[in-house]
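Next come the chains, spelled out residue by residue.
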There are 2 protein chains.
Amino acid sequence: MSDDTAAGRGPAIILCEPQMGENIGAAARAMANFGLSDLRIVAPRDGWPNEKAEANAAKATHIIHAARVYDRLEEAITDLSFVYATTARDRDVTKAVRGPVHAAKHMRALEAQGAGVGLLFGRERWGLNNDEVALADEILTLPVVPEYASLNIAQAVLVVAYEWRKAGFEDPDAALPFAASDRSPPAGKAELLGLFDHLESVLDERHFFHPPEKRPTMIRNLRAIFQRQQLTQQEIRTLRGIITCLDGKNHRPKKPVTDNGEA
Amino acid sequence: MSDDTAAGRGPAIILCEPQMGENIGAAARAMANFGLSDLRIVAPRDGWPNEKAEANAAKATHIIHAARVYDRLEEAITDLSFVYATTARDRDVTKAVRGPVHAAKHMRALEAQGAGVGLLFGRERWGLNNDEVALADEILTLPVVPEYASLNIAQAVLVVAYEWRKAGFEDPDAALPFAASDRSPPAGKAELLGLFDHLESVLDERHFFHPPEKRPTMIRNLRAIFQRQQLTQQEIRTLRGIITCLDGKNHRPKKPVTDNGEA
């Protein structure tokens, strides 16, 4: 999928009877981190609006303000074609169980067809009931360690939103907000060989490579150290400055002495 | 990588001057969710132990109790070979920048060689300083939407721990804690054809397929509905019971009437 679909509408995040405003806010923040914006809340315990939701949303207050609130789950999903029910517990119902990678890819494909998708999350303490799961098409669960399966709502939203965002890029690294800093261009082999010559001649003056029959191997190992890290031009200049400094000799050509004796 | 390495030691999670005990606890909980256990804390603002850390760790209190505390970051990384510095901001330093997928794969590979790995996370408000980043080998960043780049520490730990866990399984679905429920075996074609015969004969009796020239197409479309979902044996029995019920006729062979008139 090309980069320009990465900003697609994204799945609706449906919170079913969330108990704590803090969690609604944190869920909105997690949505914003990874490009989701359609928040739907079914019968929030503390009503709506909710100050704690707004306070915990960080910069994602626009998601809180645009959130739609419903009395019943059925109302929250009428415009959707496909709903995943997120649950940490096995359910005695014949539905496919998917992980976030599969779900993200599938949601992107459905979106490309213009179909509305939703991700359903349950209550803090006990998740979704079986009737709510029955309204969903498939079950989504995270690859947790079974003994420590409990994530809070916002964390579950975060992981799925993260996978959805990644799935919008062919190259996952294209999804990163910044790349390695390029303060200096990479050194060319001429500069690298200049470094080798400089260092090796200084070390030869000090008989560093002994016994002489070991010199070729030591030279190769030494060059491997510097070859491996893709030194930049600036870094080679820095290393050569260090070698010069340690060498102790002044390698700059002497300036002619003026009439008053200054160099 | 085979499944039995999924439980590998995992990277050390190093929190640099964390300000809030709640975040330390939440980070420990996120570690436990995905199988990490080596928590290291450098100069926690509120000292150690920290009640809020313990209270917010959910079932992961063992990670809190085993956490190692250091005065300086250098001490926390002495036994490690490779450290990722997690940061949301571009840094003016020549280091590779990786996403969580790459980092997880790389960490697994290093682990397989017996090398110790660490993931470094900074302070809540402003992350890591440049000297701390300089102690790391590479930079790790998450594929966030740049305008909403801020995750809290536990959430950043969660995403990276999640990718690490996934990277321990060849098949991501093998990492899920449960699979689809198999309450009934899949129906065989004989049972499916029995369903088709039943339904289609009942519908023929009611002249459902009209005009007659459309019947073959309508039959194919109807069969496609039931064919597509891999019905189980129980589900076919249920559907046939529904057809029978709607049909209104009693298809069971009549029992012989007894002398007193009962069937």
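Residues numbered from 1 in each chain as written. Chains lettered and ligands numbered in written order. Predicted model: local features only at pLDDT ≥ 70, side-chain atom pairs only at ≥ 80, totals over all residues. Heavy atoms only, no water.

### Concerning the UniProt feature "domain: tRNA/rRNA methyltransferase SpoU type" (unreviewed entry) in chain A
As recorded in UniProt, the feature "domain: tRNA/rRNA methyltransferase SpoU type" (unreviewed entry) lies at residues 12-162 of chain A. Along residues 12-162 of chain A the backbone is 37% helical and 18% strand, and the end-to-end C-alpha distance reaches 14 Å. (UniProt positions renumbered as here; feature names shortened; annotations may be inferred. Helix = DSSP H or I, 4+ residues; strand = E, 2+ residues; numbered from the N terminus.)

### Regarding the nonpolar core
By size, the foremost hydrophobic cluster in this structure holds 81 residues, and its most contacted members are Ile13, Leu39 and Phe121 of chain A together with Ile13, Leu39 and Phe121 of chain B. Examining the composition of this core, we find that 10 residues originate from one element, helix H7 (residues 153-166) of chain A, more than from any other. Look past the residues within four positions of Phe121 of chain A in its chain and what remains in contact with it is Ile13, Ile14, Leu15, Cys16, Thr86, Leu128, Ile153, Ala156, Val157 and Val160 of chain A. (Core = buried A, V, L, I, M, F, W, Y, C linked by side-chain atoms within 4.5 Å. Buried < 20%, exposed > 50% of the residue type's maximum accessible area, 1.4 Å probe, protein only. Contact = heavy atoms within 4.5 Å.)

### Regarding the relation of the copies chain B and chain A
Mapping chain B onto chain A is achieved by rotating through 180 degrees and translating by 0.0 Å along the same axis, at an RMSD of 0.1 Å. The operation mapping one copy onto its partner corresponds to a two-fold rotation axis. (Least-squares fit on C-alpha atoms with pLDDT ≥ 70 in both.)

### Brief notes about the pairing of strand E1 (residues 12-16) of chain B
Residue and element names in this part refer to chain B. By the criterion of burial, E1 is predominantly enclosed, with 5 of the 5 residues buried. Burial of the side chains of E1 extends over both faces: Ala12, Ile14 and Cys16 are buried on one face and Ile13 and Leu15 on the other. In this structure, E1 lies alongside strand E6 (residues 117-121), joined through 4 bridges in parallel fashion. Counted as the bridge partner of Ala12 is Gly118 from E6. Remark: the E1/helix H1 (residues 21-33)/strand E2 (residues 39-42) crossover connection has right-handed handedness. (Pairing = 2+ DSSP bridges. Right-handed = clockwise from strand over helix to strand, strands pointing away.)

### Focus: the domain arrangement of chain A
Considered domain by domain, chain A is made up of domain 1 (10-176) and domain 2 (189-247). A separation of 56 Å is found between the C-alpha centroids of domain 1 of chain A and domain 2 of chain A. (Domains from an automatic or database assignment.)

### Examining the side chain of Asp38 of chain B
Residue and element names in this part refer to chain B. Positionally, Asp38 belongs in the loop between H1 and E2. Only 2.9 Å separates the side chain of Asp38 from the side chain of Arg40, close enough to count as a polar contact. A polar contact is formed between the side chain of Asp38 and the side chain of Arg68, at a distance of 3.4 Å. With residues near it in sequence (within four places) discarded, Asp38 still touches Pro11, Ala12, Ile13, Met31 and Arg68. (Polar contact = N/O pair within 3.5 Å; in protein donor to acceptor, adjacent residues only side chain to side chain.)

### Focus on the environment of Glu200 of chain B
Residue and element names in this part refer to chain B. Relative to the elements of secondary structure, Glu200 occurs in helix H8 (residues 189-205). Take Glu200: its relative accessible area is 6%, and that puts it in the buried class. Residues Glu200 and Arg220, 20 residues apart in the sequence, show an inter-C-alpha distance of 11 Å. Beyond its immediate sequence surroundings of up to four residues, Glu200 is in contact with Phe209, Arg215, Ile219, Leu222 and Arg223. Within polar-contact distance, the side chain of Glu200 engages the side chain of Arg223 at 2.8 Å.

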